[in-house]
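For reference, the chains in residue letters:
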Amino acid sequence: MGLFVSFEGIEGCGKTTQIHLAADSLVKRGIPCLRTEEPGGTTLGRKLRETLLNRGPFILYPETELLLFTAARAQHVREVILPALEEGKVVLCDRFADATLVYQGYARGLDIEVISFLDSFVTNSLKPNMTLLFDLPVEVGLNRARERIARLNLASREDRFEEEDLAFHKKIREGYLLLAHQEKDRFRVIDAAGSINDLQNTVRFHIDKLVNRE
Ligand code: TYD
């Protein structure tokens, strides 16, 4: 069995840059790995991603949103993540079930127990061996995310969540920190205010430690 590592954090925390660098580093060193993302990671997931992240001509209710994120995950786990783990790969995943607890639960206010039940159903209780949480003040992350979005054209903005107010994003940060506190063995909280290089050294340190422990 391989190793499963998820990357989490608020908007603009830099996790996507870091996951690419971490995957490149594993590949260069000949360690079999797979980088994937949620929502996305499968053909169906990419279709659902479009619906979930772009502003459409209809209201997406929180309950609908929850079911679409978890539907994408059900497919992703079976089609991509479990086969890669069975091949012994290190799977690096940009967001996973913690994102649903935090975004749809703590921030949107849906019942945490319902979400936990749904998530254990769709993941078959698969949990990451380690979760890297990139922590950053919300104002800093949102500024970075909004500058990036402003450079994109309207069709590819994926800004439905960035458009939420500061209070929403503060709940996201607090929710993640609470999860990290509740599951200290799984989470590594990384101060994401540092440079790309410093952050990458920290990410590599944690991943190497996990890989060498097995
Ligand atoms: P992501 O691709 O990580 O966007 P970014 O790189 O801009 O952080 O995540 C897409 C968005 O989807 C992000 O705003 C968080 C949200 N999301 C949920 O609300 N619930 C979920 O279960 C997942 C996986 C993501």
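Everything discussed here concerns the structure shown above.
Rules used throughout
- Residues numbered from 1 in each chain as written.
- Predicted model: local features only at pLDDT ≥ 70, side-chain atom pairs only at ≥ 80, totals over all residues.
- Heavy atoms only, no water.
- Buried < 20%, exposed > 50% of the residue type's maximum accessible area, 1.4 Å probe, protein only.
- Helix = DSSP H or I, 4+ residues; strand = E, 2+ residues; numbered from the N terminus.
- Pairing = 2+ DSSP bridges.
- Contact = heavy atoms within 4.5 Å.

Whenever I open this one, the pairing of strand β3 (residues 90–94) confuses me. Can you help?
Judged by how many residues are buried, β3 sits mostly within the fold: 5 of 5 residues are covered. Both strand β1 (residues 3–9) and β3 contribute to a ladder of 5 bridges, which runs parallel. From the neighbouring strand, L3 faces β3, where its bridge partner is V90. Looking at chain direction, strand β2 (residues 33–37) and β3 are connected through 5 bridges and run parallel.

Just to check I follow, could you spell out the side chain of R49 for this structure?
Within the fold, R49 resides in helix α2 (residues 43–53). Exposure remark for R49: the relative accessible area of 17% places this residue in the buried category. Leave out the neighbours within four places in its chain, and R49 touches E37, E38, P39, N54 and E158.

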